[in-house]
Amino acid sequence: MQYDSIAQQLDNLIRGTYSSVELTRHYLDRIKQHAQLNCYISVLEESALEAAQQADQARAAGNAGPLTGVPIAHKDIFCTQGVKTTAGSQMLYNYDAPFDATVVSRLATAGAVTIGKTNMDEFAMGSSNETSYYGAVLNPWDTTRVPGGSSGGSAAAVAAGLCSAATGTDTGGSIRQPAAHCGITGIKPTYGRISRWGMIAFASSLDQAGPMTRTAEDAALLLGVMAGEDPLDSTCLAADVPNYVESLNKPLDGLKIGICEDFFAEGLEAGSEQVIRESLRVFEDLGATISSVRLPHIEYSIPAYYVIAPAEASANLSRYDGVRFGYRCKEPTDLADLFKRSRSEGFGDEVKRRIMVGAFTLSTGYYDAYYRQAQQIRRLIKDDFQAAFAEVDILLGPTAPQPAFSLGEKTGDQVAMYLQDIYTIAGNLAGLPAMSIPAGFSSDLPVGLQLIGNYLDEASILAAAHQFQQRTDWHQRVPASMAAEN
Ligand code: GLN
């Protein structure tokens, strides 16, 4: 039952094949059994079983919501009331959030059971989950490899059957790239679609939450619950949230898919390229037409992102000073020593690197040379996409330049690590909805296919993904070591 989609689980819960308590207990057992994967920072055994029991009672009483009884994990970047929320950092090792993030409360109101908090790169900075203070997460497909990052714990937990679905956040690719590496489905909606209230900030103009699931149908279901206006976040859009599930089967006949040839430039691993090119045939069979588009400024997305994201991070992370909450150094000699040592000891290397880069590019004299230019490039990238969407409905390409790499392989080479997001970052800079779905394998490792949609048009990429999944079974494959388990 751990690999049933949420749609199937809801069916089973309604028919009484199993109860939410049984399903939740099953996942809790599996989490223990596969503890070496290190997917979770906190497992909420007691409160999850209590919530599951309430869910079963609500269902019996005829009060079920859209997700009643479904066990979901939250990336440990979402505040959960009274529960440790660390953002993968030592800085927040003792932070019990005093409130729920909007994402958390909306899913709970819909009936979901919160089973635990997943591991992640520290403050969501990373592409391999190796910057977590709580240790690396192992990829269930090959435990010598990374699950991707920064939502690596969420992706690995879904792939290993340790929850029905999980939440993630994506600032430069952190939902899509780990989804690709773990063979699951993940969507980052339009910037502002989902409230950021209670989501610990990394780079506020780029951060966006989204669901990580086994199927596109499940992603549609969860997105519908998570999305929508929130008075607590002024950047959250007031636009109506369509019924994403209802439009999943809208025929793809005549859908115009754009292929960006720049995505197939040097650097894309041959096996991954083959998988993406073969998937085009499935979409053609479904009635879509394929044409080539150009995104001339896309090659500047990584440099622009690595100026903008650290700049925003340096401002956002200034609040961790050892005074109000979180880590505090021992026996400070004075206030300056308190600030300095709390931050030096509480943050890991990658976070410190970003803070230093951000403080530098925002400083007088360098602002015009770096920050302003990066913002101008961001605008050009956005314009490129707008020109492309005048011609096509959605864009298609790879999610990552190669399948999951080995643990430790890139930790000494920041640029190699930063290049992992080469195909995902532009979507964040432009604020567009984008998703990754499993599309095949290269050397026995899952390969993700990326679909990018126009503003607020999550429905089109979800429908394309869903219909692709009706024709293929890549999303149903599970890691060999876990296939025999039930
Ligand atoms: N890997 C990118 C980074 O390190 C993106 C991370 C993210 O999307 N949170 O910044």
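Refer to the structure printed above.
All values reported here derive from a predicted model rather than from experimental measurement.

K.L.:
Help me understand the packing of helix α9 (residues 301-316) against helix α12 (residues 367-389), please; the structure alone is not making it clear to me.
P.N.:
A packed helix pair is summarised by two numbers, namely the angle formed by the two axes and the spacing between the axes. Interhelical geometry of α9 versus α12 gives an angle of 125° and a closest axis separation of 9 Å. Relative to α12, the element α9 lies oblique. Along this stretch, α9 crosses α12, giving a crossing that reads as left-handed. Here Ser301, Ala304, Val307, Ile308, Ala311 and Glu312 of α9 lie close against α12, whose contacting residues are Tyr370, Tyr371, Ala374, Gln375, Ile377, Arg378 and Ile381. Taken together, the residues of the contact of α9 with α12 sort by class into nine nonpolar, two polar and two charged.

K.L.:
I would appreciate a short explanation of the site of the ligand in the present structure.
P.N.:
Taken together, 15 residues form the shell around the ligand, and within it Gly172, Ser174, Tyr305, Arg354 and Asp421 come nearest. Between Gly126 and the ligand, the recorded distance is 2.9 Å, taken from a backbone N or O atom to an oxygen atom. Ser174 places a polar side-chain atom, nitrogen or oxygen, 2.7 Å from an oxygen atom of the ligand. Across the shell around the ligand, the residue classes tally to five nonpolar, seven polar and three charged.

K.L.:
Mind showing me how you'd approach helix α5 (residues 152-159) here?
P.N.:
Within an α-helix, residues lying three or four positions from one another point in the same direction, as the helix has 3.6 residues per turn. Here α5 lies mainly inside the structure; eight of its eight residues are buried. Looking at α5, one finds that the buried residues are Gly152, Gly153, Ser154, Ala155, Ala156, Ala157, Val158 and Ala159. Here the buried face of α5 lies against β1 (40-43), β2 (71-75), β3 (113-118), β4 (165-169), α6 (176-182) and β6 (209-213). Two residues or fewer after α5 comes Gly161, characterised by a positive phi angle close to 70°.

K.L.:
Teacher, can you tell me more about the sheet that holds strand β8 (residues 289-293) here?
P.N.:
Pairing between the strands of a sheet comes from backbone hydrogen bonds, and it takes one of two forms, parallel or antiparallel. The sheet built from 11 strands is open, its strands ordered β1-β3-β2-β4-β6-β5-β10-β11-β9-β7-β8 with mixed pairing. This sheet does not close on itself; its edge strands, each paired only once, are β1 and β8. Between one strand and the next, the sheet's axes are offset by a mean angle of 30°, whatever the strand orientation. Across three bridges, the pairing between strand β7 (residues 256-260) and strand β9 (residues 394-398) is parallel. For Gly258, the partnering residue across the bridge sits in β9 and is Leu395. Packed on one face of the sheet, helix α3 (residues 45-60) meets β1 and β3 and runs near 155° to β3.

K.L.:
It is not clear to me how the packing of aromatic side chains should be interpreted in this structure. Could you clarify?
P.N.:
The description of an aromatic ring pair rests on the distance of the ring centres and on the angle between the ring planes. Following the criterion strictly, the structure yields 19 aromatic pairs and no others. Note on Tyr320 and Phe347: the rings are 6.2 Å apart at their centroids and 90° apart in plane angle, and the pair reads as edge-to-face. On the criterion of sequence distance, the pair formed by Tyr320 in the loop between α9 and α10 (335-346) and Phe347 in the loop between α10 and α11 (349-361) is long-range, its members being 27 residues apart. Each member of the pair, Tyr320 as well as Phe347, carries the same accessibility label: buried.

K.L.:
Honestly, unusual backbone geometry in this entry has me stumped. Any pointers?
P.N.:
Note: most residues except glycine have negative phi, and most peptide bonds are trans. Geometrically, the link from Gly149 to Ser150 is a cis peptide bond, its omega value of 10° lying close to zero. By secondary structure assignment, the location of Ser150 is in the loop between β3 and α5. Backbone geometry places Ala87, a non-glycine residue, at a positive phi of 55°. Topologically, Ala87 is positioned in the loop between β2 and α4 (102-109). Judged by its relative accessible area of 0%, Ala87 falls in the buried class. Within the chain, Ser443 stands out as a residue other than glycine whose phi angle is a positive 50°. Within the secondary structure, Ser443 sits in the loop between β10 (434-442) and β11 (445-453).

K.L.:
In this structure, what is going on with the side chain of Thr80? I would like to understand it.
P.N.:
Looking at the element boundaries, Thr80 is found in the loop between β2 and α4. Since its relative accessible area comes to 4%, Thr80 is described here as buried. The contact partners of Thr80, leaving out residues within four places of it in the chain, are Thr85, Ala97, Phe99, Asp100, Val104 and Lys117.

K.L.:
When you look at a nonpolar patch on the surface in this model, what are you seeing that I'm missing?
P.N.:
There is a patch of nonpolar side chains on the surface, built from Val323, Leu335 and Phe339 and spanning about 250 Å² of accessible area. Residue position: Val323 is located in the loop between α9 and α10. Owing to a relative accessible area of 37%, Val323 belongs among the partly exposed residues under this scheme.

K.L.:
Could you clarify how one ought to interpret the environment of Glu391 in this entry?
P.N.:
With respect to the helices and strands, the residue Glu391 is situated in the loop between α12 and β9. Taking the C-alpha atoms as reference points, Glu391 and Ile72, separated by 319 residues in sequence, lie 38 Å from one another. Once residues lying within four places of it in the same chain are set aside, the contact partners of Glu391 are Lys256 and Val293.

K.L.:
How should I be thinking about the nonpolar core in this particular structure?
P.N.:
Across soluble globular proteins, nonpolar side chains have a tendency to be buried as a group. Ranked by size, the top nonpolar core spans 142 residues in total, and within it Phe123, Phe283, Phe385 and Leu451 carry the most contacts. With nine residues, α9 is the largest single contributor of residues to this core. Discounting chain neighbours no more than four positions away, the residues touching Phe385 are Leu295, Ile298, Leu395, Ala426, Ala430, Leu432 and Ile452.

K.L.:
Any chance you could explain the environment of Pro71 here in plain terms?
P.N.:
Secondary-structure assignment places Pro71 in strand β2. Here Pro71 falls in the buried class, since its relative accessible area comes to 0%. Between the alpha carbons of Pro71 and Gly126 there is a distance of 27 Å; along the sequence they are 55 residues apart. Each residue touching Pro71, except ones within four places of it in the same chain, is listed here: Leu23, Thr24, Tyr27, Val113, Ile115, Cys163, Ser164 and Ala165.

K.L.:
How should I be thinking about helix α7 (residues 216-226) in this particular structure?
P.N.:
Counting buried residues along α7, eight of its 11 residues qualify, which places the element largely inside the surrounding structure. Two residues or fewer after α7 comes Gly228, characterised by a positive phi angle close to 125°.

K.L.:
What exactly am I supposed to notice about the pairing of β2 here?
P.N.:
When you tally the buried positions in β2, you get five out of five residues, the bulk of the element. Burial along β2 is two-sided: Pro71, Ala73 and Lys75 and Ile72 and His74, pointing in opposite directions, are all buried. Two elements, β2 and β3, share five bridges in a ladder whose sense is parallel. Considered in β3, the bridge of Pro71 is made with Val113.

Thresholds applied
- Residues numbered from 1 in each chain as written.
- Predicted model: local features only at pLDDT ≥ 70, side-chain atom pairs only at ≥ 80, totals over all residues.
- Heavy atoms only, no water.
- Axes fitted to C-alpha atoms, helices over the stretch in contact; angles between N-to-C directions.
- Helix = DSSP H or I, 4+ residues; strand = E, 2+ residues; numbered from the N terminus.
- Parallel < 35°, antiparallel > 145°, perpendicular 65-115°, else oblique.
- Left-handed = near helix turned anticlockwise from the far one by under 90°.
- Contact = heavy atoms within 4.5 Å.
- Nonpolar A, V, L, I, M, F, W, Y, C, P; charged D, E, K, R; others polar.
- Near = heavy atom within 4 Å.
- Polar contact = N/O pair within 3.5 Å; in protein donor to acceptor, adjacent residues only side chain to side chain.
- Buried < 20%, exposed > 50% of the residue type's maximum accessible area, 1.4 Å probe, protein only.
- Pairing = 2+ DSSP bridges.
- Phe/Tyr/Trp six-rings, centres within 6.5 Å; stacked < 30°, edge-to-face > 60°.
- Patch = residues over 30% accessible without salt bridge, like charges linked within 9 Å, V, L, I, M, F, W, Y side chains within 5 Å.
- Areas by Shrake-Rupley, 256 points an atom, 1.4 Å probe, with all protein chains shown as cover.
- Salt bridge = Lys/Arg side-chain N within 4 Å of Asp/Glu carboxyl O.
- Core = buried A, V, L, I, M, F, W, Y, C linked by side-chain atoms within 4.5 Å.

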